[in-house]
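# Coordinate analysis (summary)
So you can see what is in the structure, the chains are spelled out below.
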Amino acid sequence: MQSILDHIAPLGLLWLGAVLLDMTFGGRRALGAIPLVETFIEKSILTLRTKLERRERSKRNHFWRGLLAAGVLSVLLGAAGYYVNQLAFSHASFAALAVVVLAKLLGLKGFWQMLRDKVTQQDATMRRHAIEDAIDMLTSFYVPALLLFLAGGFWLLLPYYGFWAADRIDRGNQPPSVFLQPFRGFRSFLAMPGEVVATLFVMLAALLWPATNWRTAVLAALKPGGRTRNWPAHLLAQSLDLALAPRAKFRSAWLGPKDASAQVSADKCRSALIVALIAFAMTLAFLLVLLLAAAMG
């Protein structure tokens, strides 16, 4: 157990440093304006899709080309991540650079700025979109990325970021891209443990915020159903009597109580975003506990 904690401790410190750096200097200016690894990964996926997904080809052909592209890209990103791991702990300057790269991948401050823009529009639909984006960011990227980073550092994080970026690129396409389907499948497989943990954090956050119905939250957590990616959003929708659109295939068009409204009021939007923020804070508390356990060894 101690050897595992000793492995996690330096990676956890990098993660905390990246979160602090991003929340201080991130966003649309300063750190957020510097193009780094995340820009390269997203442009690589878009280039591969442009060159390999042609209209005259069959869906099966698109799928196999996407599978090959996802495999090659994951190997290249995994190899790059392995060398970044080696460099990050060889010298303080490389560790600082690794923190900058990680902060850019997280992009938390820029994301919260985007949510603020949606909420300030005073539109019920935009408020719902802000809630959906916040809970999905926590569920589909942040918590899974944290667990993968603690397990393997950049060696696991960079490939996962590529799969998640492909999913984000394809979001809203109807029908979804067959070429990007393997990317989405790999993301779902790697994210599953993190999505389960995110559900636990959201449930605990809902219990702590007085505006939620904690009994409904517990029942929703005990019987989530459907894809794990939808579990936290389903729990939040049930606890606040909201109707939220699922980000993964679901048996119905909406998550939440049958008679809930998708027209979200300002008060419910505030409560939902506070629950998401509490859940995010719990991930940091979880990491601090692991670091404390490693230090007390």
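As a starting point, this report considers the structure included with it. Values in this document were obtained by computation on a predicted structure and should not be read as measured data.

## Re the overall build of the protein
Secondary structure summary: the protein contains eleven helices and zero strands in total. The order of α-helices and β-strands along the protein, N terminus first, is α-α-α-α-α-α-α-α-α-α-α. Computed over the C-alpha atoms, the radius of gyration of the protein is 19 Å, within 12% of the 19 Å expected from 2.2 N^0.38 for a compact globule of 297 residues. For the protein, the spread of C-alpha atoms along the principal axes amounts to about 60 × 55 × 40 Å. Sequence-distant contacts in the protein: of pairs separated by 6 or more residues, those separated by 24 or more amount to 72%. Each charge class in the protein was averaged separately, 31 positive and 17 negative side chains, and the resulting centres sit 4 Å apart.

## Points about the nonpolar core
Ranked by size, the top nonpolar core spans 85 residues in total, and within it Trp-15, Tyr-142, Phe-154 and Phe-183 carry the most contacts. No other element matches the 14 residues that helix α6 (residues 124–152) contributes to this core. Those residues within four positions of Phe-154 in sequence are excluded, and the remaining contacts are Gly-81, Val-84, Asn-85, Ala-98, Val-101, Leu-102, Leu-105, Phe-149 and Pro-159.

## Examining the environment of Leu-76
Within the secondary structure layout, Leu-76 lies in helix α3 (residues 59–88). The sequence separation of Leu-76 and Leu-158 amounts to 82 residues, and the corresponding C-alpha distance is 9.3 Å.

## Notes on a nonpolar patch on the surface
Residues Leu-200, Leu-204, Leu-207 and Trp-214 make up a contiguous nonpolar surface patch of roughly 350 Å² in combined accessible area. The residue Leu-207 is located in helix α8 (residues 181–208) in this model.

## Things to note about unusual backbone geometry
Even without being glycine, Gln-122 reaches a positive phi, approximately 55°. One can find Gln-122 in the loop between α5 (108–119) and α6. The backbone of Asp-241 sits at a positive phi, close to 55°, despite the residue not being glycine. Owing to a relative accessible area of 37%, Asp-241 belongs among the partly exposed residues under this scheme.

## Some remarks on the pattern of salt bridges
According to the stated counting rule, one finds eleven salt bridges in the structure shown. Arg-229 is paired through a salt bridge with Asp-136; the nearest N and O atoms lie 2.9 Å apart. Taken together, the residues Arg-229 in the loop between α9 (214–222) and α10 (231–240) and Asp-136 in helix α6 connect sequence positions 93 residues apart. Both residues of the pair, Arg-229 and Asp-136, count as buried. Three or more residues joined by partner-sharing salt bridges are found here, namely Lys-118, Asp-133, Asp-136, Asp-167, Arg-229 and Arg-247.

## Side note on the side chain of Asp-133
Positionally, Asp-133 belongs in helix α6. What makes Asp-133 buried here is its relative accessible area of 9%. At 2.3 Å, the side chain of Asp-133 and the side chain of Lys-118 are in polar contact. Separated by 2.5 Å, the side chains of Asp-133 and Arg-247 make a polar contact. Residues in contact with Asp-133, not counting those within four places in the same chain, are Phe-111, Met-114, Leu-115, Lys-118 and Arg-247.

Rules and cut-offs
- Residues numbered from 1 in each chain as written.
- Predicted model: local features only at pLDDT ≥ 70, side-chain atom pairs only at ≥ 80, totals over all residues.
- Heavy atoms only, no water.
- Helix = DSSP H or I, 4+ residues; strand = E, 2+ residues; numbered from the N terminus.
- Rg over C-alpha atoms; globule rule 2.2 N^0.38 Å.
- Contact = heavy atoms within 4.5 Å.
- Lys, Arg positive; Asp, Glu negative; His and termini not counted.
- Charge placed at Lys NZ, Arg CZ, Asp CG, Glu CD.
- Core = buried A, V, L, I, M, F, W, Y, C linked by side-chain atoms within 4.5 Å.
- Buried < 20%, exposed > 50% of the residue type's maximum accessible area, 1.4 Å probe, protein only.
- Patch = residues over 30% accessible without salt bridge, like charges linked within 9 Å, V, L, I, M, F, W, Y side chains within 5 Å.
- Areas by Shrake-Rupley, 256 points an atom, 1.4 Å probe, with all protein chains shown as cover.
- Salt bridge = Lys/Arg side-chain N within 4 Å of Asp/Glu carboxyl O.
- Polar contact = N/O pair within 3.5 Å; in protein donor to acceptor, adjacent residues only side chain to side chain.

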